[in-house]
Amino acid sequence: MRWIKAFAVLMGLMTAVPAFAEDPPPAKILFGSETTPTASKPQSYGFYNKGCIGGAEALPIDGPTWQAMRLSRNRRFGHPDTIALIEKLSRDAAQYDGWPGLLVGDISQPRGGPMLSGHASHQVGLDADIWLTPMPNRTLSLREREDISAVSMLKNDGTLFVDKTKFTPAHERLLMRAASYPEVQRIFVHPGIKKAMCEDWKGDRTNLAKLRPYYGHYYHFHIRLFCRPGSPGCTAQNAVDMKDDGCGANLAWWLSDEPWRPAKPAPPPKEPAKPKPKPTRPSYTILSDLPKACAAVLDAAAPANLPAAALTPKIPLPPLAPWPEIGPVPTPRPAG
Ligand SMILES: [Zn+2]
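Calculation rules
- Residues numbered from 1 in each chain as written.
- Predicted model: local features only at pLDDT ≥ 70, side-chain atom pairs only at ≥ 80, totals over all residues.
- Helix = DSSP H or I, 4+ residues; strand = E, 2+ residues; numbered from the N terminus.
- Buried ≥ 20, exposed ≤ 12 C-beta atoms within 10 Å, placed from the backbone.
- Contact = placed C-beta atoms within 7 Å.
- pLDDT = per-residue confidence, 0-100.
- Core = buried A, V, L, I, M, F, W, Y, C linked by C-beta atoms within 7 Å.
- Pairing = 2+ DSSP bridges.
- Right-handed = clockwise from strand over helix to strand, strands pointing away.
- Axes fitted to C-alpha atoms, helices over the stretch in contact; angles between N-to-C directions.
- Parallel < 35°, antiparallel > 145°, perpendicular 65-115°, else oblique.
- Left-handed = near helix turned anticlockwise from the far one by under 90°.
- Nonpolar A, V, L, I, M, F, W, Y, C, P; charged D, E, K, R; others polar.

Before going further, it helps to spend a moment on the overall build of the chain. From N to C terminus, the chain includes nine helices and 11 strands. Across the 336 residues that make up the chain, the buried fraction comes to 33%. Once local pairs closer than 6 in sequence are excluded, the contacts in the chain between residues at least 24 apart make up 78%.

The following block contains the structure:
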């Protein structure tokens, strides 16, 4: 009897609050389920953390000096300039910097946009994560590309400082090579990596300014390109002050306690809380929060002939555990 009552109350509540079923879907589900880029010409729309891209190109999963990782995420897509820059960095680093090749992490989804997991940025095809682990001298299997972990550059994995047995001069040359390209606006690295670069880098220090300390970024670094020509809808980020190498006050702040303190809890309300008005929109990002063009990007056709590089390979499942031992089998085996 009690259950019947509870059920009736529940049903009553459900009819009283009908809005949820009509809420628009999260934009990350719409963009996260796109498997192909659009056929349009390459254009980024919006800002690095609120936008999308049409006409994205895929980084081939293998090149002479790179291998793409975590292929199941399908985030190998970017503006063609981003893809070209990754390939160029991989060649230059192998030729000049003693870095055998790049392991490339996330770029963007086929049509950019918000992702189901991980990054806030990487939405307009102009951000790319490069592992701080050099490419091995063999082709990794698809399965290994899912499973292999990158190596932390930090001392004991948890301090603010790099372990110089892991963070080597070749890492430093790779970072400065990436920073040297005019297409690159910023490179995000852990503050400990920035500190090591400030102390150790003996070459031209102009581009040190592009290395920006940020949380995370000790397994990988993150390259961000300027908005590209031909993308009038791309919103630029504020400029980096190239006259400040960032090794002074800014680095000192990152190495202080302040950025690492947990946020203060809100003070308790003085008056009893008023009932909150019913939200008029969902709390998550929806399509209409993105630039208008992103709705058209979602609807646009894929290229009639998808380039081979854009096809996502089927990732084999992990090998099944071996069958349990069934005990000694007599030979010859009895029939039946
Ligand atoms: Zn990133």
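With that out of the way, let us pick up the confidence of the model for the chain. The predicted coordinates should not be examined in detail at positions where pLDDT is low. Looking at the chain, pLDDT values average 88 and 88% of them are 70 or higher. A low-confidence stretch, residues 1-19 (pLDDT under 50), is modelled with zero contacts involving residues beyond four sequence positions or located in other chains. Across residues 321-331 the pLDDT falls below 50, and counting only partners more than four positions away or on other chains, this stretch makes zero contacts in the model.

On to helix 7 (residues 191-200). Most of helix 7 sits inside the fold, with seven of its 10 residues counted as buried. Turning to helix 7, its buried residues are Pro 191, Gly 192, Ile 193, Lys 194, Lys 195, Ala 196 and Met 197. Check the buried side of helix 7 and you find it contacts helix 6 (169-180), strand 9 (184-189), strand 10 (211-213) and helix 8 (249-255).

As a further point, take the nonpolar core. Membership of the largest hydrophobic core comes to 56 residues, with the highest contact counts inside it found for Ile 86, Leu 102, Val 104, Leu 175 and Ile 187. For Leu 175, the residues in contact, after removing those within four places along its chain, are Ile 187, Val 189, Met 197, Leu 211 and Phe 221.

Glancing now at unusual backbone geometry. In this model, His 122 sits at a positive phi of 65 degrees, which is unusual for a non-glycine residue. Counting through the fold element by element, His 122 comes out in the loop between strand 7 (102-104) and strand 8 (127-131). Residue classification places His 122 among the buried positions, given that 26 C-beta atoms sit within 10 Å. One non-glycine residue, His 217, adopts positive backbone phi at about 60 degrees. Mapped onto the elements of the fold, His 217 is located in the loop between strand 10 and strand 11 (220-225). For His 217, a count of 21 C-beta atoms within 10 Å gives the class buried.

Here is the key point about a regular strand: its side chains alternate between the two faces of the sheet. For strand 2 (residues 50-54), a buried count of five out of five residues is recorded, marking the element as mostly surrounded by other parts of the structure. Side chains Lys 50, Cys 52 and Gly 54 of strand 2 all project onto a buried face; the interleaved residues Gly 51 and Ile 53 project onto the opposite face, where all are buried too. Here strand 1 (residues 43-47) runs beside strand 2; their pairing, made up of five bridges, is antiparallel. Within the sheet, the bridge partner assigned to Gln 43 lies in strand 2 and is Gly 54.

So, about the environment of Pro 232. Mapped onto the fold, Pro 232 is located in the loop between strand 11 and helix 8. Pro 232 gets classed as exposed once you count the C-beta atoms within 10 Å, which come to 9. Spatially, the C-alpha atom of Pro 232 lies 8.2 Å from that of Ser 44, the residues being 188 residues apart in sequence.

To continue, consider the pairing of strand 9. Burial analysis of strand 9 places five of its six residues in the buried class, the great majority of the element. Two strands pair when backbone bridges link them, and strand 9 and strand 11 are joined in this way by four bridges, in the antiparallel orientation. Among the inter-strand pairings, Phe 188 is bridged to a residue of strand 11, identified as His 222. Sheet analysis places strand 9 next to strand 10, joined by three bridges and oriented parallel. What sits directly across from Ile 187, in strand 10, is Leu 211. Note on the crossover from strand 9 through helix 7 to strand 10: the handedness is right-handed.

The residue Ala 170 is located in helix 6 in this model. Put simply, Ala 170 and Tyr 96 are 74 residues apart on the chain and 9.9 Å apart in space, counted from C-alpha to C-alpha. Residue contacts for Ala 170: discarding those within four places in its chain leaves Asp 97, Gly 98 and Trp 99.

Below, the discussion takes up the packing of helix 4 (residues 80-96) against helix 6. Between two packed helices, the angle of one axis relative to the other and the distance separating the axes together describe the packing. Interaxial distance between helix 4 and helix 6 falls to 10 Å at its minimum, and their mutual angle equals 140 degrees. Judged by the inter-axis angle, helix 4 sits oblique to helix 6. The two elements helix 4 and helix 6 meet at a crossing, and its hand is right-handed. Judged by residue contacts, Leu 89, Asp 92 and Ala 93 of helix 4 engage Leu 174, Arg 177 and Ala 178 from helix 6. Looking at the contact of helix 4 with helix 6, its residues break down into four nonpolar, no polar and two charged.

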